[in-house]
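Coordinate inspection notes
Chain by chain, the residues:
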Protein chains: 2
Amino acid sequence: MLIRQLFDKNSCTFTYLIGSKDKNSIIIDPVLNNVDVYLTLINQLNLNLVYSLETHTHADHISGSGELRNILNCDSIVGNESGIECASKFIEDNEYLTIDDINIRVLYTPGHTNDSYCFLVDSIKPGALFTGDTLLIRGTGRTDFQSGDPSKLYDSITNKIFTLYDDIEIYPGHDYNGFSKSTIKEEKNHNPRLNLKSKKEFIDLMNNLDLPDPEMMDIAIPLNENCGLEK
Amino acid sequence: MLIRQLFDKNSCTFTYLIGSKDKNSIIIDPVLNNVDVYLTLINQLNLNLVYSLETHTHADHISGSGELRNILNCDSIVGNESGIECASKFIEDNEYLTIDDINIRVLYTPGHTNDSYCFLVDSIKPGALFTGDTLLIRGTGRTDFQSGDPSKLYDSITNKIFTLYDDIEIYPGHDYNGFSKSTIKEEKNHNPRLNLKSKKEFIDLMNNLDLPDPEMMDIAIPLNENCGLEK
């Protein structure tokens, strides 16, 4: 199985291309501006793109899912809660997506947004968890828009992610500090928003981050509600 | 074995931290500005840093090797050809560096500079090749300063790197396009500077790139000749 981590410098977004031994593939969180890069790589690796999968409705970049679906005829997949009617397929908690030797367990992890999911590839050792903006390396996604909810985020991370096997590798949806991956154990022990913090302390911290809105928010969310395509 | 890829946004440099099962570790191409990040990560992962290894004398960032050696008492290691007298240890072609289950074959690959080396970790499957600026993803290092030589670079890549096992993963010293890793096979087939090109065509291409000097060159090279430390 192949996992490629691709970085969008403008939004510090990680996109992931996962290829099976039989050359079928899944892309997670593609960025519209980089679709040409993905198409070239998919072609060079001789892959067939089956699914374009979103961890949530993004506010900081425009999704490439609709464009990839138009060009490669893949399915675009979003969470049940997203309300993105144009998607090809909807997923829910504890569902499995399976392509060849790629087995993905779908975990509903609301908190950053109400439509946030994590994807656990449990068919490789030690397992790879694609966490979107739910859990970042030594950080978390914010909870101050798009139905964000720090109480739900705390529960998603502590009750769903941190109960998984310690050695599972974490592949986040963003990184702003030069990191590329982590593990469940590392984040349990060293994530400053979570380790040793009570739920109340986490909620207080998240409610007082006082962050500016993402620059692209007003453009990105409406477009992403249409699979990243102009209406 | 643990491999962590760390990205320096200012110079688009990749630094690598490789940890053994017995918690000893090697860092490749550390960047001075990020030493605090490395120290924190090394501490959090409960690692002992044994070697700080340079793929070559860098012109685009200041090395963190001297600083890491001062703080953690590791050995700083450079190629025989570098002339970096302050280094703790010098390496040459086909030497092995071994720590616990990490076995590194040292490959002398001149061309980008006359002191350029690649490091092949051959104790994991399918093997990991740390290529510095010799071979980048769909590109190569430049050859227009620091005793750069496109003829030598062509020979290093085609006769040394491309004769290795196809599935070996390539971890480059830089990436400017959002890629994180590649394989020998991919670069053989899809590197536009090399695939289908004769040695003469490659040399002509490299001699006509007409690139500006790296911004930090006049500061970085003299400092790196002193292990990244002020004299």
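Quick note: structure is the one above.
First, a word on what this report is: a plain description of the structure on this page. Since the structure is predicted, the reported quantities are computational estimates derived from the model, not experimental observations.

1. Considering the relation of the copies chain A and chain B
Least-squares fitting of chain A to chain B yields an RMSD of 0.0 Å, with the superposition described by an axial translation of 0.0 Å and a rotation of 180°. Between the two chains, the operation in question is that of a two-fold axis. Here 100% of the interface residues in chain A have copies in chain B that are interface residues too; the copies meet face to matching face.

2. Describing the state of the cysteines
Covalent bonding between the sulfur atoms of two cysteines is what defines a disulfide. Residue and element names in this part refer to chain A. This structure, assessed with the given rule, holds two disulfides over all chains. Here Cys86 pairs with Cys227 through a disulfide, and the sulfurs are 2.1 Å apart. Between Cys86 and Cys227 the sulfur-sulfur dihedral comes to about 110°; the bridge is accordingly right-handed. Residue Cys86 is found in the loop between β5 (75-79) and β6 (89-91), and its partner Cys227 is found in the segment after α6 (217-224); the two are separated by 141 residues along the sequence.

3. Considering the side chain of A:Thr134
Tracing the backbone shows A:Thr134 in the loop between β10 (128-132) and β11 (135-136). Separated by 3.2 Å, the side chains of A:Thr134 and A:Thr109 make a polar contact.

4. As for the interface of chain A and chain B
Every contact between the two is made by 21 residues of chain A and, on the other side, 21 residues of chain B. Surface buried jointly by chain A and chain B totals about 1,800 Å² across both partners, of which 47% is contributed by carbon and sulfur atoms. For the interface between chain A and chain B, the tally reads two salt bridges. The salt bridge partner of A:Arg4 is B:Glu186, with a shortest N-O separation of 2.6 Å. Across the chain A-chain B interface, the total number found is 14 residue pairs in polar contact (both at pLDDT 80 or more).

5. Digging into the sheet that holds strand β10 (residues 128-132) of chain B
Residues and elements named next belong to chain B. Strand order in the open sheet formed by six strands is β7-β8-β9-β10-β13-β14, with mixed pairing between adjacent strands. In this open sheet, the two strands that pair with only one neighbour each are β7 (96-99) and β14 (182-183). The pairing of strand β8 (residues 102-108) with strand β9 (residues 117-121) spans five bridges and is antiparallel. Counterpart to Val106 in the pairing with β9 is Phe119.

Parameters at a glance
Residues numbered from 1 in each chain as written. Chains lettered and ligands numbered in written order. Predicted model: local features only at pLDDT ≥ 70, side-chain atom pairs only at ≥ 80, totals over all residues. Heavy atoms only, no water. Least-squares fit on C-alpha atoms with pLDDT ≥ 70 in both. Contact = heavy atoms within 4.5 Å. Disulfide = S-S within 2.5 Å. Helix = DSSP H or I, 4+ residues; strand = E, 2+ residues; numbered from the N terminus. Polar contact = N/O pair within 3.5 Å; in protein donor to acceptor, adjacent residues only side chain to side chain. Buried area = accessible area lost by both parts, 1.4 Å probe. Salt bridge = Lys/Arg side-chain N within 4 Å of Asp/Glu carboxyl O. Pairing = 2+ DSSP bridges.

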